[in-house]
Amino acid sequence: MTGRGLLPVARTDVLLCEVFGPTLQGEGPSAGQIASFLRTGDCNLACTSCDTPYSWDWQRFSRAEQTRRVPAADVAAELLQHPTRLVVVTGGEPMLQQSQLAPVAARLKKAGRRVEIETNGTIAPAGGLDEHVALYVVSPKLAHMGGPEHRRIRPEVLIAFQATRRAVFKFVLDSPADAEELATLQDQLGLERVWVMPEATTAAAVVGGMRALADVAIERGWNVSSRLHVLLWEDERGR
Ligand code: SF4
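**Student:** Account for the nonpolar core, with residues named and values stated.
**Tutor:** Membership of the largest hydrophobic core comes to 43 residues, with the highest contact counts inside it found for L38, V104, F169, F171, L173 and W222. Residues within four places of V104 in sequence aside, it is in contact with V14, L38, A72, V75, A76 and L79. If you look at the next biggest cluster of nonpolar residues, it comprises five residues, including F20, A35, F37 and V88.

**Student:** An account of the site of the ligand is needed here, citing residue identities and associated values.
**Tutor:** In the vicinity of the ligand, the contacting residues are C43, L45, A46, C47, C50, W56, G92, N120 and K141. Across the shell around the ligand, the residue classes break down as six nonpolar, two polar and one charged.

**Student:** Can you explain the pattern of salt bridges? Please cite residues and give values.
**Tutor:** Under the defined criterion, the tally for this structure stands at 12 salt bridges. Its salt-bridge partner being E78, residue R68 comes within 3.3 Å of it at the nearest N-O pair. Here R68, found in strand β3 (residues 68-71), pairs with E78, found in helix α2 (residues 72-80); they are 10 residues apart in sequence, far enough to count as distant. The exposure class of R68 is partly exposed, given its relative accessible area of 37%. Taken together, the salt bridges that share partners define one network made up of E27, D51, K170 and R227.

**Student:** Please provide a residue-by-residue account of the environment of S62, values included.
**Tutor:** Relative to the elements of secondary structure, S62 occurs in the loop between β2 (34-40) and α1 (63-66). For S62, a relative accessible area of 27% gives the class partly exposed.

**Student:** Summarise the sheet that holds strand β8 (residues 194-198); cite the residues concerned and give the values.
**Tutor:** Sheet architecture is open: nine strands sit in the order β3-β1-β2-β4-β5-β6-β7-β8-β9, paired in mixed fashion. Since the sheet does not close on itself, it has two edges, and those belong to β3 and β9 (223-224), each with one partner. Bridge count between strand β7 (residues 167-173) and β8: five bridges; the pairing is parallel. Following the sheet pairing, K170 is matched in β8 by W195. Contacts from helix α6 (residues 176-189) reach β7 and β8 within the one sheet, and its direction differs from that of β7 by about 155 degrees. With respect to the sheet, helix α7 (residues 203-220) is in contact with β7, β8 and β9, its orientation differing from that of β8 by roughly 140 degrees.

**Student:** Tell me about the packing of aromatic side chains, and name the residues and values.
**Tutor:** On inspection of all chains with the given rule, the structure shows three aromatic pairs. Arranged with centres 5.1 Å apart and planes meeting at 0 degrees, the rings of F20 and F37 form a pair that is stacked. Residue F20 is located in strand β1 (residues 13-24), and its partner F37 is located in strand β2; the two are separated by 17 residues in the primary sequence. Here F20 matches F37 in class, with each residue buried. Relative to F161, the ring of Y136 lies with its centre 5.0 Å away and its plane at 70 degrees, an arrangement referred to as edge-to-face. With Y136 in strand β6 (residues 135-138) and F161 in helix α5 (residues 155-163), the pair connects residues that are 25 residues apart, well separated along the chain. For Y136, a relative accessible area of 0% corresponds to the buried category.

**Student:** Give a description of the side chain of R152 that names residues and reports values.
**Tutor:** Mapping R152 onto the fold places it in helix α4 (residues 149-152). For the buried R152, no salt bridge exists, and the shortest N-O distance to an oppositely charged side chain is 4.1 Å, to E181. Reaching out from R152, the side chain makes a polar contact with the backbone oxygen of K141 at a distance of 2.8 Å. Polar contacts involving the side chain of R152 include one to the main-chain carbonyl oxygen of G147, which spans 2.9 Å. With residues up to four places along the chain from it excluded, the contact list for R152 reads L45, N120, T122, K141, L142, A143, G146, G147 and E181.

**Student:** Could you give an account of unusual backbone geometry, naming the residues involved and the relevant values?
**Tutor:** The peptide bond linking G21 to P22 adopts the cis configuration, its omega dihedral lying at -5 degrees. Within the secondary structure layout, P22 lies in strand β1. A cis amide bond links G91 with the next residue in sequence, G92, at an omega value of 10 degrees. In this fold, G92 is placed in the loop between β4 (86-90) and α3 (98-110). Not every positive phi belongs to a glycine, and R165 is a case in point at roughly 65 degrees.

Each value, and the rule that gives it
- Residues numbered from 1 in each chain as written.
- Predicted model: local features only at pLDDT ≥ 70, side-chain atom pairs only at ≥ 80, totals over all residues.
- Heavy atoms only, no water.
- Core = buried A, V, L, I, M, F, W, Y, C linked by side-chain atoms within 4.5 Å.
- Buried < 20%, exposed > 50% of the residue type's maximum accessible area, 1.4 Å probe, protein only.
- Contact = heavy atoms within 4.5 Å.
- Near = heavy atom within 4 Å.
- Nonpolar A, V, L, I, M, F, W, Y, C, P; charged D, E, K, R; others polar.
- Salt bridge = Lys/Arg side-chain N within 4 Å of Asp/Glu carboxyl O.
- Helix = DSSP H or I, 4+ residues; strand = E, 2+ residues; numbered from the N terminus.
- Pairing = 2+ DSSP bridges.
- Axes fitted to C-alpha atoms, helices over the stretch in contact; angles between N-to-C directions.
- Phe/Tyr/Trp six-rings, centres within 6.5 Å; stacked < 30°, edge-to-face > 60°.
- Lys, Arg positive; Asp, Glu negative; His and termini not counted.
- Polar contact = N/O pair within 3.5 Å; in protein donor to acceptor, adjacent residues only side chain to side chain.

Purely geometric numbers; function is a separate question.
Below you can see the structure in the form of structure tokens.
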């Protein structure tokens, strides 16, 4: 049922924030690869140092100006105009829209594209979308990102991602205490394929943060991710 004056929204419509590319994936295991990005609108968390608040924070930004509802077929067509093999679906939180994204990912995969999803790891993958996803880059939020732990960390969901065998776990670390928190979580859940990266929005902060992370990462067997887009373009939107 729709409210008076509201247009009915088709279940296949994606709440889209932006499509951009070709650019370079800046983070995680696919860093450096040419990619196009689909950023969905809305998020189920509200992290204090979120670098894309315009995709979900409707107290600071206008939802009507920052997002549009687009049929799945049109989203896929827009992405297919970009000649990149890699398509990264990010947010906001894309897993809020699994059913809407399933036909988008199916179309992209059929066209030979590799679909990776960046998620905060609070909503488990389900059928429909999952079969078209090559990799989940799961980024659980540690305490320094704010909000209650039971909302940020969902152990059963993280275990479900790991069970797909198509997930890596990427953590933003800002202090030695964050590294301790991650080590405890990893030991509790047996997380494999862990990446860490600094919280940084300037090139100098990326380099300084990576230097600070290097030794503990080597000691713990974690991979270190740069933030290539920040090194190249700082916080320019759409790059
Ligand atoms: S989960 Fe990601 S998009 Fe959502 S508020 Fe946190 S950092 Fe921002």
